[in-house]
Amino acid sequence: MNDRPVRPDAHHRRTRRTRMGVVGAVLAVALSATAACGSPTYPGDPLELLPVDAVAAVSLGGLGVETSGGDTLMFVFDEHGTVLGRLQTDRIDATQVLFSHRNMVAVTDDAVTVLTDRGRTDVPIDEHTVSAMANDPESGATTVWFTKGRTSGFVSIDYDQQVRQGAVDGTVRTTAYCGERHFAVVDDISKGTGPRPSRFYELLPSGELFLRGRWESDPDHGWASRTSVCAPDGRSVLALHTDHSAATTNAGAPTMVLTAIDLDSGVRSLTPLDMPQVGGGALGTTLIVLDDRLYWLNPDKQVLSVPVAGSSTVTHEWTLPVAADSTIASVHNATVTAIDYRDHAVLSHYDVRTGMRIGEPVDLPWLEPIIHSPARDTIYTLTSLAGAP
């Protein structure tokens, strides 16, 4: 176990935070004043293309799906934390944003929006809840899955902006790209307490969902993350399961299981993981394979890893030096991007293998007054964070 938080000079940090805190307070007053008179205003002009100096983006939406109406926000900003543009629409639940080397894709209430340095493409949708979203970081191919009743719909956009749309019965549990090939695991809607039929699909270039495999899932098994990753050899999808049936015999904690699904045969192999003194679960958009090891972050913001093949013992690599309950994080390339918003909204980057900080923290004073602020029926919370490659 290797906890190595790396912190900047304390005096320098306090001085910067004090200065930024004053700016944040001014912005908070401004937002409160505009909210009292009508709709609040937010920094940034509407985005019509992807700024070339964008380093990250955040999306904000409601606290839960139980409320209706409201707004959805997405901001793109540069290395200094300055907002370069925004998207602001009516509400869609669980909205996300993803970067690739070629584009950025966001989901609003009426469109899947693709932004490049050349312009903007909007694919119209009639959806309310994002269930999963994955992309190929190299080509920019992206697929968004939506939940609607007993079916799951998708919008898939290829590297050349070709659009495919469709739907399948059931609920999408986890998705992944292997190169430009897209895969999804779909569970049938449960009708009782028995085994749950699961299906493994590939989305073909024709737009057809091709059934690669099927199996029966134990009702106590759940997918730990809605995103999965491709194995180093490109022949299988790697995902994390949570086995709750073991909770009664494992000191009250569920067992984590590494699942490998062969891309062509759909055959699964399951490896229960030995997780000494670390918490279970996995945060979406944090799974990554490096040097034949699978890395991920759990809800406690611990960075964990396990060999793709061989030992099943999980290693606690390090822990983000942040407040776990007020931090959102994602992983791209070999970098953890995190925003801690407990006292002041601060963006930081870390090497996922070592925990060493990359660059200086960046204050985001414009973000502080928006988090937990009201807009119509929405109380804003951060729903996703994406770092540019």
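The structure this text deals with has already been given above.
Reading the values: the criteria
- Residues numbered from 1 in each chain as written.
- Predicted model: local features only at pLDDT ≥ 70, side-chain atom pairs only at ≥ 80, totals over all residues.
- Heavy atoms only, no water.
- Helix = DSSP H or I, 4+ residues; strand = E, 2+ residues; numbered from the N terminus.
- Contact = heavy atoms within 4.5 Å.
- Areas by Shrake-Rupley, 256 points an atom, 1.4 Å probe, with all protein chains shown as cover.
- Phe/Tyr/Trp six-rings, centres within 6.5 Å; stacked < 30°, edge-to-face > 60°.
- Buried < 20%, exposed > 50% of the residue type's maximum accessible area, 1.4 Å probe, protein only.
- Polar contact = N/O pair within 3.5 Å; in protein donor to acceptor, adjacent residues only side chain to side chain.
- Disulfide = S-S within 2.5 Å.
- Pairing = 2+ DSSP bridges.
- Salt bridge = Lys/Arg side-chain N within 4 Å of Asp/Glu carboxyl O.
- Axes fitted to C-alpha atoms, helices over the stretch in contact; angles between N-to-C directions.

Is there a simple way to explain the overall build of the chain in this structure?
Helix and strand content of the chain: one helix and 31 strands. In the chain, the proportion of contacts linking residues at least 24 apart, taken out of those at least 6 apart, comes to 49%. Here the chain displays about 16700 Å² of accessible surface, and carbon together with sulfur accounts for 51% of that area.

What is the right way to read the packing of aromatic side chains from this model?
Working definition: an aromatic ring pair is given by the centre-to-centre distance plus the angle between the planes. On inspection of all chains with the given rule, the structure shows seven aromatic pairs. On the numbers, 5.2 Å between centres and 55° between planes, the contact of Trp-145 with Phe-154 is tilted. Assigned by exposure class, Trp-145 and Phe-154 land together as buried. Cluster of aromatic residues (ring-pair linked, three or more members): Tyr-42, Phe-75, Phe-77, Trp-366 and Tyr-380.

So what exactly am I meant to see when it comes to the side chain of Ser-348 here?
Its location among the elements puts Ser-348 in strand 27 (residues 346-351). On the basis of relative accessible area, Ser-348 is assigned to the buried category, the value being 8%. Looking at Ser-348, its side chain comes within polar contact range of the side chain of Arg-357, at 3.3 Å.

I tried to follow the state of the cysteines on my own but got confused; where do I start?
Where two cysteines share a covalent bond between their sulfur atoms, that bond is called a disulfide. Throughout the structure, instances matching the rule amount to one disulfide. Bridging Cys-178 to Cys-230, the disulfide has an S-S length of 2.2 Å. A torsion of 115° about the S-S bond marks the disulfide between Cys-178 and Cys-230 as right-handed. Highlighted residues: Cys-178 in strand 12 (residues 171-178) and Cys-230 in strand 17 (residues 229-230), separated in sequence by 52 residues. For the pair shown, Cys-178 and Cys-230 are each scored as buried.

Is there a simple way to think about the pairing of strand 25 (residues 327-332) in this case?
Successive residues of a regular strand alternate their side chains across the two faces of the sheet. Extensive coverage of strand 25 is indicated by the burial of six of its six residues. Burial along strand 25 is two-sided: Thr-327, Ala-329 and Val-331 facing one way and Ile-328, Ser-330 and His-332 facing the other are all buried. Bridge count between strand 25 and strand 26 (residues 335-340): six bridges; the pairing is antiparallel. Across the sheet, the residue bridging to Ala-329 is Ala-338, located in strand 26. As consecutive antiparallel partners, strand 25 and strand 26 are separated by two residues, and within that stretch Asn-333 has a phi angle of approximately 50°, a positive value.

Explanation requested: the pattern of salt bridges in the structure shown.
Oppositely charged side chains may form a pair once their charged atoms are brought near each other. This model, assessed by the stated rule, comprises 14 salt bridges. In this structure, Glu-127 and Lys-148 form a salt bridge, with 3.9 Å as the shortest nitrogen-oxygen distance. Linking Glu-127 in the loop between strand 7 (119-124) and strand 8 (130-135) with Lys-148 in strand 9 (residues 142-148), this pair joins segments that are 21 residues apart in sequence. Owing to a relative accessible area of 15%, Glu-127 belongs among the buried residues under this scheme. Here the salt bridges share partners, and the residues they tie into one network are Arg-181, Glu-202, Arg-212 and Asp-264.

Help me understand unusual backbone geometry in this model?
The bulk of non-glycine residues show a negative phi, and the bulk of peptide bonds are trans. The phi angle at Gln-161 is positive, at roughly 75°, despite the residue not being glycine. Residue placement: Gln-161 occurs in the loop between strand 10 (151-157) and strand 11 (163-169). Assessed through its relative accessible area of 29%, Gln-161 is described here as partly exposed. Here the phi dihedral of Lys-301 falls at roughly 65°; this positive angle occurs in a residue that is not glycine. Here Lys-301 lies in the loop between strand 22 (293-297) and strand 23 (302-307). The buried category is assigned to Lys-301, whose relative accessible area is 6%.

Please explain the environment of Val-352 as it appears in this structure.
Take Val-352: it is sitting in the loop between strand 27 and strand 28 (362-363). Between the C-alpha atoms of Val-352 and Trp-318, which are 34 residues apart in sequence, the distance is 8.7 Å. Once residues within four sequence positions are removed from consideration, Val-352 is found in contact with Leu-290, Tyr-295, Val-303, Trp-318, Val-331, Ala-334 and Val-336.

Explanation requested: the sheet that holds strand 3 (residues 83-90) in the structure shown.
Strands pair in a sheet through their backbones, by hydrogen bonds, and they do so in one of two ways: parallel or antiparallel. One open sheet accounts for four strands, arranged 3-2-1-31; its pairing is antiparallel. In the strand order of this sheet, the two ends are held by strand 3 and strand 31 (381-387), each with one partner. Adjacent strand axes in the sheet meet at a mean angle of 15° when their direction is disregarded. Pairing between strand 1 (residues 56-61) and strand 2 (residues 71-77): five bridges, direction antiparallel. Counterpart to Ala-57 in the pairing with strand 2 is Val-76.

I keep staring at the sheet that holds strand 8 and nothing clicks. Help me out?
With antiparallel pairing, the four strands of this open sheet are ordered in space as 8-9-10-11. In this open sheet, the two strands that pair with only one neighbour each are strand 8 and strand 11. If you compare each strand with its neighbour and ignore which way they point, the axes differ by 15° on average. As judged from the seven bridges shared by strand 9 and strand 10, these two strands associate in the antiparallel manner. Note on strand 10: the bridge partner recorded for Thr-147 is Ser-152.

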